[in-house]
Amino acid sequence: MEMSLLLVLGIGFVLGIKHALEPDHVIAVSTIASQSKKIWKSSLAGVFWGIGHTLTLLVFGIVLILLKDEIPEAWAMSLEFFVGIMLVYLGMTTLFSWKKAHEHVQSERSTYLKSTVIGVVHGLAGSAAMVLLTMSTIDFVWQGALYIIIFGVGTCLGMLLFTTILSIPFVTASSKKVNRSLIRMTGVVSTVFGIYYMYNLGVNERLFAIWFG
């Protein structure tokens, strides 16, 4: 394997770690971490987010690379808008669940499934940028697939580390009152950021003008 390709893959791995720590990703996964009573469970939730995210990027990326096509800007922005809707939904469900947080613990299967779905949504929203980046750095389809996989490994690692750190305050909270306060704060942050995310896309980025213009 040529040194230049190894360098590109190495950069892809680092970018994957950085990508995992984008605000919308972190906030979305934090709503899951806030509901967990075990650090390892939150950590695995982060990994499943990365798996869902990577699989989506890989499928859409390979298809678009083969077709030598791009996702239209309106579609890409609409998928990003859906991320905002998801953040508001996650925030609201977190806010309404805090009262029972000490009584109800999600099953491992539902937690991991939810994380995977969130990763898929983020993968759909990020597929346009990922394909553009991949097409600009590779010469063959197999290189593109390898790049996306390495990028995905980076995102899984980044999210694993971050969700592990993020879960510590929720697991080690000194009292139920503190734990409830942390959960409510997580819900508020997710809801507010989701509304801002949609407003920015719809108004500042003129997505609403594209939809209704």
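Structure's up top.
Overview of the structure. Numbers given for residues are sequential positions, taken from 1 along each chain in its written order. Whole-chain, interface and lining totals are the exception, using all residues; otherwise, since this is a predicted model, local features are given only for residues with pLDDT of at least 70 and side-chain atom pairs are given and counted only at 80 or more. The side-chain quantities take in all heavy atoms of the structure and omit both hydrogens and water.

**Brief notes about the nonpolar core**
Using the following cut-off: Throughout, nonpolar core names a set of buried Ala, Val, Leu, Ile, Met, Phe, Trp, Tyr and Cys residues whose side chains join them through atoms within 4.5 Å. Here the term buried applies to any residue with accessible area under 20% of the maximum for its type, exposed to any over 50%, and partly exposed to those in between, with areas from a 1.4 Å probe on protein chains only. Helix numbering and strand numbering both begin at the N terminus, where a helix is a DSSP run of H or I of at least 4 residues and a strand a DSSP run of E of at least 2. Note on contacts: a residue pair is in contact if any heavy atoms of the two residues lie within 4.5 Å.
In this structure, Ala28, Trp49, Val83, Met86 and Ile118 are the most contacted members of the largest nonpolar core, which totals 23 residues. Among the elements of the structure, α2 (23-33), α3 (39-67), α4 (73-97), α5 (108-135) and α7 (176-204) are those that each provide at least two residues to this core. Residue contributions to this core peak at seven residues, all from α4. Apart from the residues within four sequence positions on either side, alanine 28 is in contact with Met86, Leu87, Leu90, Ile118 and His122. One finds Leu9, Leu57, Tyr147 and Ile148 within the second-largest nonpolar core, a separate group that totals nine residues.

**Overview of the layout of surface pockets**
What counts is decided by this rule: Here a cavity denotes a set of grid points, spaced 1 Å apart and computed over the protein atoms alone, in which a 1.4 Å probe fits but from which it cannot get out, and a pocket denotes an open set meeting protein on both sides within 12 Å along at least five of seven lines; residues with an atom within 4 Å of a point are reported as lining. Grid points are joined across faces, edges and corners, and a volume is the space filled by probe spheres set on the points. Just so you know the grouping, Ala, Val, Leu, Ile, Met, Phe, Trp, Tyr, Cys and Pro go in nonpolar, Asp, Glu, Lys and Arg go in charged, and all remaining residues, Gly too, go in polar.
When its volume is computed, the largest pocket comes out at roughly 340 Å³. If you go around the largest pocket, you meet 19 residues; those closest to its centre are His19, Glu22, Gly126, Ala129 and Met130. Looking at the lining of the largest pocket residue by residue, the classes come out as 10 nonpolar, five polar and four charged.

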